[in-house]
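Secondary and tertiary structure notes
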Amino acid sequence: MLAIGVNSIASITEPMKSDAPHIGFVSLGCPKNLVDSERILSRLRAEGYELSATYQEAELVVVNTCGFIDAAVDESLDAIGEALRENGRVIVTGCLGKDEQRIRDAHPEVLAVTGAHAYEAVMEAVHAQIPAPHDPYTSLLPPTGVKLTPRHYAYLRISEGCNHSCTFCIIPDLRGPLVSRPLGEVMQEAERLVASGVRELLVVSQDTSAYGVDLKYRPDFWQGRPLQTRIRDLAYALGELEAWIRFHYIYPYPHVDDLIPLMAEGHVQPYLDMPLQHANPRILKLMQRPAAAEKVLERIARWRRECPELTLRSTFIVGFPGETEAEFEQLLDFLREARLDRVGCFTYSAVTGAQANQLPDALPAELKEERRARFMEVQAAISRERLQARVGRETIVLVDEVKEKQVIARSSADAPEIDGRVFMPGAWDLEAGDFIEVRITAATAHDLRAEPLAVEAD
C-alpha cells in the first residue's frame, strides 16, 4: 500500500475515468513537505490523472523526499528503492532532490529528480512519461485542491524558506531564503478551507514569526481592509474565521509578545510552538541560535500571567558537538524551571552540509542517546504533573476519530500527530470535526481521559 505520511492515499482517491492514467504518491517529512505534496496532487487531479493506492495499479510513482537529517535521508532513499522494486517507474522530488547525485548513485533507474516545491518541474517530468489526459482549465477540482489531512484540519503554509544560518541545519540550502505569501492570498486559501469544512488551521512555515520580513511588512488587502503582511495582522484576520487557529515554528522574537493578547482573548488558540533547541549560552552561540535562556524564562512567566491557558511546545537538541555534562545539566535545569507542556528531543545528527559538522569534540552515539533518555525522563515527569493539574476541569475538544468503543479527540493544547490526545468512551453520536465539551477525568504523562458533557456538531 502506498502511504502519505500516516495517511493512506486511498482516503483521497475518488472514481474518475477508468481509462485515466494512475499515479502513485509517497510523501515523507514535515508538514511543509505535506503541503508541497498536496499542491502536486492537486495539479495531477486537475489534469485528469487518477491517484493509485497501490504500487501495482500505478503507472508511475512520485516520491516526495525529506533531507533534513541523516535518518530522513535514509528513509527517503529506502522509499525510493521500495517504489522502484514494486513499480519500476519513479520520479523523485523534495528536499533530498537538491542532492541529485546522491539519489542517482543509490538509484540510477529513477526517471527524474527535482528539488523542493518544484511543482512545474514535477509536472513536466510526469508529462514526459505519461501525457496529461485532458486540459486542466476544463477539469473539475474542489476549490481547496487535494488535501492529505483529514477533512476537519489542514496545514496553512504562509511562507517558504528561512533566513537563519543555524549551524546544525541545511534548510536554507534546501529551500532557499524566506519568501512570504501575500496576506490576502493566505486569507483566501484559509477561507476556502474553512468553507469546505476544515475546523482547525495549523499555520506553518520554516520561520512563522518572521512572516512578512522579506516584504518589509507591506500592506495587503482582505475583505477590502488594508492589513500589514506581518504575523500579528495575519493572526487577527485568521481569528475571525470559524475555526481553531494554531501557530507552529514560532521563533521567540520580541514581536511574538503581540500574539499573547490574541490568545488570551480566545481569538486564536493559546498555543505556541517554539523551537528553542538548547539553554546553554555557549551551545546556543555555536548553533547560531537567538535568545538567552534567562530572557526566555522571563518571557514565559510573563506570557503565562497574561494567558494562563497558554500551552508551550518546544524541541531541543542534545549531544551537540562539544556539549559538556555541565552544559547538558544546565539544559535540564532550564527544562525544570520552564515547565513546558509539550517537548520533543533529538540527538544531534551530522547532516551532510551542516556547518556544525566541522566543530570539534563530536559526542559518541551512546552518550547522545543516554542524554536524550535522561532529558525525556525529566520532561515526562513535568508533562504528567501539568496534565494531572487539568483533571476535573471542563474544556472544549475537537473530535479526530470515532470508534465503536472509543472517541479520540484533542484539546487546544494538542496539535495533531505530535502532541497528546483526549480519550473518551464510545457510543456517542459524533463525527470527526465535531467540537464537544468534556470534563477531564484522568491523566497520564502525555494523554488525557474525559467524559463528554455536551456536543456541538456540524
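Analysis parameters
- Residues numbered from 1 in each chain as written.
- Predicted model: local features only at pLDDT ≥ 70, side-chain atom pairs only at ≥ 80, totals over all residues.
- Heavy atoms only, no water.
- Helix = DSSP H or I, 4+ residues; strand = E, 2+ residues; numbered from the N terminus.
- Rg over C-alpha atoms; globule rule 2.2 N^0.38 Å.
- Buried < 20%, exposed > 50% of the residue type's maximum accessible area, 1.4 Å probe, protein only.
- Contact = heavy atoms within 4.5 Å.
- Areas by Shrake-Rupley, 256 points an atom, 1.4 Å probe, with all protein chains shown as cover.
- Lys, Arg positive; Asp, Glu negative; His and termini not counted.
- Charge placed at Lys NZ, Arg CZ, Asp CG, Glu CD.
- Polar contact = N/O pair within 3.5 Å; in protein donor to acceptor, adjacent residues only side chain to side chain.
- Core = buried A, V, L, I, M, F, W, Y, C linked by side-chain atoms within 4.5 Å.
- 1 Å grid on protein atoms, 1.4 Å probe; cavity = no way out; pocket = protein on both sides within 12 Å on 5 of 7 lines; lining within 4 Å.
- Points joined across faces, edges and corners; volume = space filled by probe spheres on them.
- Nonpolar A, V, L, I, M, F, W, Y, C, P; charged D, E, K, R; others polar.
- pLDDT = per-residue confidence, 0-100.
- Salt bridge = Lys/Arg side-chain N within 4 Å of Asp/Glu carboxyl O.
- Pairing = 2+ DSSP bridges.
- Phe/Tyr/Trp six-rings, centres within 6.5 Å; stacked < 30°, edge-to-face > 60°.

**Looking at the overall build of the protein**
- Of regular secondary structure, the protein possesses 12 helices and 22 strands.
- In terms of overall dimensions, the protein is globule-like: its C-alpha atoms have a radius of gyration of 23 Å, near the 23 Å expected for 458 residues.
- Projected onto its principal axes, the C-alpha coordinates of the protein cover approximately 60 × 60 × 50 Å.
- In the protein, buried positions account for 56% of the 458 residues.
- In the protein, the share of contacts with a sequence separation of at least 24, taken over all contacts with a separation of at least 6, comes to 73%.
- Total accessible area on the protein stands at roughly 19600 Å², and carbon and sulfur atoms take up 51% of it.
- Counting 49 positive and 69 negative side-chain charges, the protein places the centres of these two groups 4 Å from one another.

**A look at the side chain of serine 52**
- Considering the arrangement of structural elements, one finds serine 52 in the loop between strand S4 (50-51) and strand S5 (60-65).
- A polar atom in the side chain of serine 52 sits 2.7 Å from the backbone oxygen of threonine 54.

**Remarks on the nonpolar core**
- Among the nonpolar cores identified, the biggest contains 60 residues, and Leu238, Leu272 and Phe375 are the most heavily contacted of them.
- With near-sequence residues (within four places) excluded, leucine 272 lies in contact with Phe247, Ile250, Val256, Leu259, Ile260, Met263, Trp303, Leu310, Thr311, Leu312 and Arg313.
- Among the nonpolar cores identified, the runner-up in size contains 26 residues, and Leu60, Ala125, Leu202 and Tyr271 belong to it.

**Let's talk about the layout of surface pockets**
- What the second largest pocket holds in volume is close to 580 Å³.
- What lines the second largest pocket is a set of 26 residues, among which Glu309, Thr311, Arg390, Arg393 and Ser412 lie closest to the centre.
- The set of elements that each furnish at least two residues to the lining of the second largest pocket consists of helix H8 (259-264), helix H12 (365-388) and strand S18 (394-402).
- Within the lining of the second largest pocket, the residues separate by chemical class into 13 nonpolar, six polar and seven charged.

**Section: the confidence of the model for the protein**
- Considering every residue of the protein, the mean pLDDT works out to 86; 91% of them sit at 70 or more.
- Note that pLDDT drops below 50 for residues 3-17; the model gives that stretch 41 contacts with residues more than four away or on any other chain.

**Thoughts on the side chain of arginine 289**
- Among the secondary structure elements, arginine 289 is positioned in the loop between helix H9 (281-287) and helix H10 (293-306).
- We note that arginine 289 is buried and unpaired, the nearest opposite charge coming from aspartate 207 at a distance of 7.8 Å.
- Here tyrosine 251 takes part through its side chain, which lies 3.4 Å from a polar atom of the side chain of arginine 289.
- Arginine 289 has contacts with Cys166, Phe168, Tyr251, Pro275, Leu276, Gln277 and Leu284, leaving out every residue within four places of it along the chain.

**With respect to the pairing of strand S12 (residues 219-222)**
- Pairing analysis gives four bridges linking S12 to strand S13 (residues 225-228), with the strands arranged antiparallel. Opposite phenylalanine 221, over in S13, you have proline 226 as the bridge partner.
- The hairpin formed by S12 and S13 contains two residues between the paired strands, and glutamine 223 there has a positive phi angle of roughly 55°.

**With respect to the packing of aromatic side chains**
- The tally for this structure, following the rule as stated, stands at six aromatic pairs.
- Between tyrosine 153 and tyrosine 155, the ring centres sit 6.4 Å apart and the planes meet at 90°, which makes this aromatic pair edge-to-face. Per residue, the accessibility class of tyrosine 153 equals that of tyrosine 155, and both read buried.
- Taking the centre distance of 5.3 Å and the plane angle of 75° together, the rings of phenylalanine 320 and tyrosine 348 count as edge-to-face.

**Looking at unusual backbone geometry**
- Unlike most non-glycine residues, tyrosine 249 shows phi in positive territory, near 60°.
- Among the secondary structure elements, tyrosine 249 is positioned in the loop between strand S14 (244-247) and H8.
- The exposure class assigned to tyrosine 249 is partly exposed, which follows from its relative accessible area of 21%.
- We note that glutamate 417 has phi near 75°; this positive angle belongs to a residue other than glycine.
- Within the secondary structure, glutamate 417 is located in the loop between strand S19 (406-410) and strand S20 (422-425).

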